[in-house]
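Overview (structure and organization)
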Amino acid sequence: MVVALVTDADIPSNALHALSQVIASRGRVLALTGAGISAESGIPTFRGPEGYWRVGSVNYRPEELATFAAFQRMPAEIWGWYLHRRSFCRKANPNPAHLALAELERKLGDRFVLVTQNVDGLHLRAGNSLERTYQIHGNIDYVRCAAECGTGIRALPEGLGTDWPKDTIPSGDHLELLHCDGCGAFLRPHVLWFDEYYDEERYRFESSIAAIEAADLLLVIGTSGATNLPMQIVQRASQRGISILVINQDPSPFSAIAAASEHGAFLQGAAGTWLPRLVEYMTVVD
Ligand code: NAD
Ligand code: ZN
């Protein structure tokens, strides 16, 4: 029985139905997040104006910089870009959308999985567990040897600080810190680049596919639908006919899939407005 809530007034009926159904059937929820969920914490998305980065006289787009090919060509410059992006992440705090997903994990336990494209670590800081959070594009606070000499994934050296100015290229001691103490090669950010492949060991690829095969409800939050594994997840959810709820400020290929599906809905607006209400609704109908 669905109880009327003060906050459910403008939640579409398809969404109310999907949420109450998953609670009643003790179903599984997969939440898929992208840069949009962290935008309200002050971290720029890739497609916004802050995404650009100047090297010399050239203004690069993120898709050109976030590649192994670019790193091989200009490692120190790419490090400058990452260290600056990391400054945004370190200054930011989890917002109500992150906190709502942490609440949802506490509520559902092992019936919840979070697949995030974000490298900012905010979901973990909000209280989601590492075990149930698949960081499919890595984490900007970690590094590994670019020559893959087997020294493993480790924290970014502390001596680099947490506030890296824009358009600054590391040099001297800073550059020294960015080399592997095992083999002397450059360290690299522990992130998946656009010209690289997902795997299980580093990026939880198979676990993510298994999670969408088992899910009864897919929540898609703040992602433009431009990367491969998220596309596979949404397509698979659509083929399986499970409920898909998409939260985004703007329409996207994912919102079109959700809106066209029998049990889905597109919730247009900010993640920090929608998610707490959806999670509150799930708590009330439980
Ligand atoms: P994207 O930048 O391509 O898309 C962001 C999406 O979020 C857009 O569709 C936009 O309409 C939506 N959005 C913006 N503000 C929102 C809000 N307040 N509420 C709801 N939706 C909002 O990001 P993406 O799809 O995640 O993919 C780009 C890649 O960039 C990923 O590989 C990711 O690893 C990387 N990235 C990560 C971070 C981060 O860690 N925070 C930031 C930028 C980019
Ligand atoms: Zn090494």
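Bear in mind the structure is a predicted one, so any value in this text is a computation, not a measurement.

The rules behind each value
- Residues numbered from 1 in each chain as written.
- Chains lettered and ligands numbered in written order.
- Predicted model: local features only at pLDDT ≥ 70, side-chain atom pairs only at ≥ 80, totals over all residues.
- Heavy atoms only, no water.
- Helix = DSSP H or I, 4+ residues; strand = E, 2+ residues; numbered from the N terminus.
- Contact = heavy atoms within 4.5 Å.
- Pairing = 2+ DSSP bridges.
- Axes fitted to C-alpha atoms, helices over the stretch in contact; angles between N-to-C directions.
- Near = heavy atom within 4 Å.
- Polar contact = N/O pair within 3.5 Å; in protein donor to acceptor, adjacent residues only side chain to side chain.
- Areas by Shrake-Rupley, 256 points an atom, 1.4 Å probe, with all protein chains shown as cover.
- Nonpolar A, V, L, I, M, F, W, Y, C, P; charged D, E, K, R; others polar.
- Phe/Tyr/Trp six-rings, centres within 6.5 Å; stacked < 30°, edge-to-face > 60°.
- Buried < 20%, exposed > 50% of the residue type's maximum accessible area, 1.4 Å probe, protein only.
- Domains from an automatic or database assignment.
- Buried area = accessible area lost by both parts, 1.4 Å probe.
- Salt bridge = Lys/Arg side-chain N within 4 Å of Asp/Glu carboxyl O.
- Arc of directions from axis to C-beta.

Notes on the environment of Leu114
Counting through the fold element by element, Leu114 comes out in strand β4 (residues 112-116). Spatially, the C-alpha atom of Leu114 lies 9.5 Å from that of Leu130, the residues being 16 residues apart in sequence. Contacts of Leu114, omitting those with residues within four sequence positions, involve Ala31, Thr33, Leu101, His123, Asn128, Arg132, Thr133 and Tyr134.

Thoughts on the sheet that holds strand β1 (residues 29-33)
The six strands are arranged β5-β4-β1-β9-β10-β11 in an open sheet whose pairing can be described as parallel. The open sheet has two edge strands with one neighbour each: β5 (133-135) and β11 (265-268). Within this sheet the neighbouring strands show an average axis-to-axis angle of 15°, counted without direction. Summarising the sheet, strand β9 (residues 217-221) and strand β10 (residues 243-248) pair through five bridges and their orientation is parallel. Directly across from Val220, in β10, lies its bridge partner Val246. Running over the sheet, helix α12 (residues 253-260) touches β9, β10 and β11 and is turned about 140° from β10.

A closer look at the site of ligand 1
Around ligand 1, 26 residues are found, and the nearest of them are Arg47, Gln117, Asp120, His137 and Asn248. Here a nitrogen atom of ligand 1 and a side-chain polar atom of Glu40 are 2.9 Å apart. Computed on the free molecule, ligand 1 has an accessible area of 850 Å², of which 92% lies beneath the protein chains in the complex. Ranked by the residues each element gives to the shell around ligand 1, the list is headed by helix α2 (residues 36-39), at three residues. Among the residues making up the shell around ligand 1, the classes are represented as eight nonpolar, 13 polar and five charged.

A closer look at the sheet that holds strand β6 (residues 138-145)
Here three strands make up an open sheet; going across it, the order is β7-β6-β8 and the pairing antiparallel. Edge strands, defined here as strands with exactly one partner in the open sheet, are β7 (154-155) and β8 (187-191). Pairing between β6 and β7: two bridges, direction antiparallel. Directly across from Val143, in β7, lies its bridge partner Arg154.

Topic: the packing of aromatic side chains
Scanning the model with the defined rule gives seven aromatic pairs in all. When the ring of Trp81 is compared with that of Tyr82, the centres are 5.0 Å apart and the planes differ by 70°; the resulting orientation is edge-to-face. Given the relative accessible area of 6%, Tyr82 is considered buried. Here the aromatic cluster, defined as three or more aromatic residues joined through ring pairs, consists of Phe68, Phe71, Trp81, Tyr82, Phe186 and Trp193.

A short note on the domain arrangement of the protein
When its domains are assigned, the protein resolves into domain 1 (8-42 + 94-137 + 198-282) and domain 2 (49-91 + 140-191). For domain 1 and domain 2, the distance between their C-alpha centroids amounts to 29 Å. Summing the contributions of domain 1 and of domain 2, the shared interface buries around 690 Å²; its carbon and sulfur component is 45%. Of all residues in domain 1, Val119, Arg202 and Tyr203 bury the most surface against domain 2, accounting for 58% of the area lost on that side. For the interface between domain 1 and domain 2, the tally reads one salt bridge. Here Glu148 ties to Arg202 by a salt bridge, and the two come within 3.0 Å at their closest N and O atoms. Taken together, domain 1 and domain 2 are joined by five residue pairs in polar contact (both at pLDDT 80 or more). Classifying every residue of the side of domain 1 that touches domain 2 by side-chain character gives two nonpolar, two polar and three charged.

Concerning α12
Among the residues of α12, Phe254, Ser255 and Ala258 are the ones counted as buried. Taken down its axis, α12 places every buried residue within 95° of arc, on the same side. The inward-facing, buried residues of α12 abut β9, α11 (228-240), β10 and β11.

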